[in-house]
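Survey of secondary and tertiary structure
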Amino acid sequence: MTASTIVLALVLGVAAGVLAGLFGVGGGILFVPALVALGLGQIEAQGTSLLAILPTVLAGTWNQRRYGNLRPRTAVVLGVASIAGVEIGARLATALPEATVRRLFALLLFAVAVHLVWRTRRQEPRYPESP
Amino acid sequence: MRLVAIGLVAGVFSAFFGVGGGIVAVPLLILVAGLPERAATATSLMAIAITATAGVVVYAYRGEVELGYAALVGLPAAAGALAGSAWQQRIRASTLTYGFAVLLSVLGVWLLAS
């Protein structure tokens, strides 16, 4: 690991956190490529990304609770229901060749890029620019 | 029932890609469960804490979790998340969004090429 890859990891880490806070995501979409850049395999990067997501979403949740936006009961139902899906998703990912998962992840990056732009454009008329 | 279905979809998506699943959960919370935008993003973050914990257990069981690397990107991200969720309360995020869209596209091209 060179100094420049560590700097890249830190920068992508902060960027992932900002993305997470702004859009209510975990930041994995940036963690996974950052970890691949650090030399991890695709599946290893995905498992490690899930762990990196924890401090990220805990910080975001703590802030959002102070702002009064959090609906804890809804979150718990959603989170507990997701556990069943997690086992299915991990089985699928580890059953496929790593190169296939990596290509699908690249497609996900493009899809999310388009989706974020669409979401922002959709809400523009409802939230006029603050001074 | 709707929430359970959203959770299941987000869970499969999360573990398949090693992400939180918020990118599918937030739009579904807005469009299907009827939450306002900010409540949806806040609630998604807390739900992801549960989803990602389950994901870590499943991946760690297969020996695919690197603690040091997770800290290297995850701890700066916690600081980033504090900033991001604070900015969300007062700014319109369009400029940042376009920046992120470009960043994600560049990383997508790089992953395909590598």
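For every chain, the first residue of the written sequence is number 1, and numbering continues from 1 along that sequence. Following the order in which they are written, the chains are lettered starting with A and the ligands numbered starting with 1. Local features are withheld for residues below a pLDDT of 70 in this predicted model, meaning they are given only at 70 or higher, and side-chain atom pairs are given and counted only at 80 or more; totals for whole chains, interfaces and linings count all residues.

Notes on the packing of helix H1 (residues 3-23) of chain A against helix H4 (residues 67-90) of chain B
For clarity, the threshold we go by: Where helices are involved, their axes are fitted lines through C-alpha atoms of the stretch in contact, as for all axes, and angles between N-to-C directions lie from 0 to 180°. For the purposes of this entry, the term helix denotes a DSSP run of H or I that reaches at least four residues, the term strand denotes a run of E that reaches at least two, and both are numbered from the N terminus. Take the far helix as your reference; a near helix turned counterclockwise from it by less than a right angle gives a left-handed crossing, and one turned clockwise gives a right-handed crossing. Gly counts as polar in this scheme, as do all residues outside two lists: the nonpolar Ala, Val, Leu, Ile, Met, Phe, Trp, Tyr, Cys and Pro, and the charged Asp, Glu, Lys and Arg.
Running from N to C, H1 of chain A and H4 of chain B point in directions that differ by 35 degrees, and their axes come no closer than 6 Å. Of the two elements, H1 of chain A crosses H4 of chain B, and the hand of that crossing is right-handed. Residues belonging to the contact of H1 of chain A with H4 of chain B are distributed by class as follows: 20 nonpolar, eight polar and no charged.

Focus on the confidence of the model for chain A
Let me state the cut-off plainly: Residue-level confidence of the predictor is what pLDDT reports, using numbers from 0 through 100.
Summary statistics for chain A give a mean pLDDT of 91 and a share of 93% for residues scoring 70 or more. Looking at the elements of chain A, mean pLDDT is at its lowest for helix H5 (residues 98-123) of chain A, recorded as 88, and at its highest for helix H3 (residues 42-66) of chain A, recorded as 97.

Re the packing of helix H4 (residues 72-95) of chain A against helix H3 (residues 37-61) of chain B
Basically, it comes down to this: For classification purposes, an angle smaller than 35 degrees is called roughly parallel, one larger than 145 roughly antiparallel, one from 65 to 115 roughly perpendicular, and anything else oblique. In this description, any two residues whose backbone-derived C-beta atoms lie within 7 Å of each other are considered to be in contact.
In contact at an axis separation of 8 Å, H4 of chain A and H3 of chain B are set at 30 degrees when each is read in the N-to-C sense. Judged by the inter-axis angle, H4 of chain A sits roughly parallel to H3 of chain B. In this structure, H4 of chain A crosses over H3 of chain B, and the sense of that crossing is right-handed. Across from Pro-72, Thr-74, Ala-75, Leu-78, Gly-79, Val-80, Ser-82, Ile-83, Val-86, Glu-87 and Ala-90 of chain A in H4 of chain A, the residues of H3 of chain B making contact are Thr-43, Met-46, Ala-47, Ala-49, Ile-50, Thr-51, Ala-54, Gly-55, Val-58 and Tyr-59 of chain B. For the contact of H4 of chain A with H3 of chain B, a count of residues per class yields 14 nonpolar, six polar and one charged.

Section: the interface of chain A and chain B
Across the contact, 91 residues belong to chain A and 86 residues belong to chain B. Those elements giving two or more residues to the side of chain A that touches chain B turn out to be H1, helix H2 (28-37), H3, H4 and H5 of chain A. Among the elements that make up the side of chain A that touches chain B, the one with the highest residue count is H3 of chain A (21 residues). For the side of chain A that touches chain B, the per-class residue count stands at 57 nonpolar, 27 polar and seven charged.

Thoughts on the nonpolar core
Inclusion rule: To define a nonpolar core, we join buried Ala, Val, Leu, Ile, Met, Phe, Trp, Tyr and Cys residues through C-beta atoms within 7 Å and take the resulting set. With C-beta atoms placed from the backbone, a residue is labelled by how many other C-beta atoms lie within 10 Å of its own: buried for 20 or more, exposed for 12 or fewer, partly exposed between the two.
The biggest cluster of nonpolar side chains holds 87 residues, and the ones touching the most others in it are Leu-19 and Leu-109 of chain A together with Val-73 of chain B. For this core, the element with the highest residue contribution is H3 of chain B, accounting for 14 residues. Those residues within four positions of Leu-19 of chain A in sequence are excluded, and the remaining contacts are Val-25, Gly-27 and Leu-30 of chain A together with Gly-84 and Phe-100 of chain B.

Re H1 of chain A
For clarity, the cut-off: In a helix, the anticipated span is given by 1.5 Å times the number of residues less one.
End to end, H1 of chain A covers 30 Å across 21 residues, agreeing with the expected 30 Å (1.5 Å per residue, within 8%). Backbone geometry just after H1 of chain A places Gly-24 of chain A at a positive phi near 70 degrees.

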